[in-house]
Amino acid sequence: MFPGSTQQADSGQDAGSPASAAGRVWAPVITPFDDELTPRAKSLVAHGRWLVSHGVGLAVFGTNSEANSMAVAEKQALLSALVEGGIEGETLMPGTGHCAIPDTVTLSRHALDCGCAGVLMLPPFYYKGVSDEGLFRYYAEVIDRVGDDRLRLYLYHIPQVAQVPLSLDLIARLRATFPNIIAGIKDSGGDWAHTQALIEQFAADDFAVYAGSERFLLDTLRAGGAGCISATANVNPQAIAALASRWQSNGADEQQQRLNAIRDCFEGFPIIPAMKAATAHFFADADWRRVRPPLVELDEERCRSLITQLEAMGFSMSRPSMSEPSMPGSGEQHNG
């Protein structure tokens, strides 16, 4: 079954199983950089293994990956490193959307060559106020140029950042034209009513609707959606995956509230530098704090404040192994 189907979300599988890891919860994986701001492939692979072992898939090259601060060639090299490092394609959903059609096609083809479960695709976001017709032509051109029936394309709706929304009418037209390729959407608009409308209109037709934050995970699953693709799955993966697995059980609402509290803490700071600061602290690797300009890392005072708040909540992150990954579902049971 392809990742993201609502049947899979209802199956009752363990949160740590490969099928659920690649179906319900995905992390837009933060990118480690060295002191020359070059991506550290080995550390990314270790982090990817750690995330998969805690029950989530890898939506590499998303917003929180600093993807739009990276070149296409860098992304290709990192994606190859992940696969060569033992990350299975079914747990990978790289972001491939660029403003330039050839860049989108190049990275999408590479994702297919790597056996990825799907690709997450931003709209072309430089020009504002573009029509649905223009956006349809963009996606159609990409699909035609990729020219591969294996392509599974997940739309990426993040209007507060891209300033280019994806309308329900556009999604319906794309689904009607490319029913076997347009597979789902990540809704990062932060408006539950919009996510709910997507689920009501499209989810019954084998279209995976992912919320862009674990805040909406329980509501999304209860409404018939697929799960979430969420920034803080980078740092709190097991607890988020656990709720995705047990969303029909007693105590699910309390689990959701605990997830929200952790999310609140991270959102009290610039979230990408905050996630990297927490990862640096709990993994005992200061290099994780680096971000590429124009982002700026948290200063020491704010780092201390973040870690103090997290530890007061009982939050922790087990350090990943640089060797072979453990089986999904094993390892330390931490916060949640």
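Below is a summary of the structure that appears in this document. (Residues numbered from 1 in each chain as written. Predicted model: local features only at pLDDT ≥ 70, side-chain atom pairs only at ≥ 80, totals over all residues. Heavy atoms only, no water.)

What about the overall build of the protein chain?
- When helices and strands are tallied, the protein chain shows 14 helices and seven strands.
- Taking as baseline every contact in the protein chain between residues at least 6 positions apart, the subset at least 24 positions apart corresponds to 73%. (Helix = DSSP H or I, 4+ residues; strand = E, 2+ residues; numbered from the N terminus. Contact = heavy atoms within 4.5 Å.)

Observations regarding the pattern of salt bridges
- Enumeration according to the criterion identifies 16 salt bridges in this entry.
- Across the pair R137 and E133 runs a salt bridge, and its minimum N-O distance is 2.8 Å. One end of the pair, R137, and the other, E133, are both in helix α6 (residues 132–146), four residues apart, so they sit about a helical turn from each other.
- R137 gets classed as exposed once you look at its relative accessible area, which sits at 55%.
- A salt bridge links R175 to D205, with the shortest nitrogen-to-oxygen separation between them at 3.1 Å. Of this pair, R175 sits in helix α8 (residues 168–177) while D205 sits in the loop between α9 (192–202) and β6 (208–211); the two residues are 30 residues apart in sequence, bridging distant segments of the chain.
- Judged by its relative accessible area of 9%, R175 is buried.
- Ionic contacts of the salt-bridge type, sharing partners, join the residues E214, R215, R263, D264 and E267 into one network. (Salt bridge = Lys/Arg side-chain N within 4 Å of Asp/Glu carboxyl O. Buried < 20%, exposed > 50% of the residue type's maximum accessible area, 1.4 Å probe, protein only.)

A closer look at the state of the cysteines
- According to the stated counting rule, one finds zero disulfides in the structure shown.
- Among the cysteines around C114, which has no disulfide bond, C116 carries the closest sulfur, lying 5.4 Å off. (Disulfide = S-S within 2.5 Å.)

Focus on the sheet that holds β6
- One open sheet holds the seven strands; their spatial order is β2-β1-β7-β6-β5-β4-β3, and the pairing between them is parallel. The open sheet terminates on both sides in strands that have one partner only, identified here as β2 (57–58) and β3 (119–121).
- Across four bridges, the pairing between strand β5 (residues 182–187) and β6 is parallel. Across the sheet, residue I185 finds its bridge partner in β6, namely V209. (Pairing = 2+ DSSP bridges.)

Observations concerning the environment of T195
- Positionally, T195 belongs in helix α9.
- Placed 21 residues apart in sequence, T195 and F216 show a C-alpha to C-alpha distance of 8.9 Å.
- Contacts of T195, omitting those with residues within four sequence positions, involve D187, V209 and T220.

Section: unusual backbone geometry
- Cis geometry marks the peptide bond from P293 to P294, where omega comes out at 20°.
- Checked against the element boundaries, P294 lands in the loop between α13 (271–282) and α14 (300–312).
- Non-glycine residue E66 carries a positive phi angle of around 60°.
- Of note, E66 is situated in the loop between β2 and α4 (72–84).
- Look at D206: it is not a glycine, yet its phi comes out positive at around 55°.
- Since its relative accessible area comes to 57%, D206 is described here as exposed.

Section: the environment of R215
- Summarising the element assignment, R215 is placed in the loop between β6 and α10 (217–223).
- Each C-alpha atom of the pair R215 and A261 lies 9.5 Å from the other, and the pair is 46 residues apart in sequence.
- Leaving out residues up to four positions away in the same chain, R215 has contacts with Q256, N260, R263, D264 and E267.
- A polar contact of 2.3 Å, which involves the side chain of R215, links it to the side chain of D264.
- Within polar-contact distance, the side chain of R215 engages the side chain of E267 at 2.9 Å. (Polar contact = N/O pair within 3.5 Å; in protein donor to acceptor, adjacent residues only side chain to side chain.)

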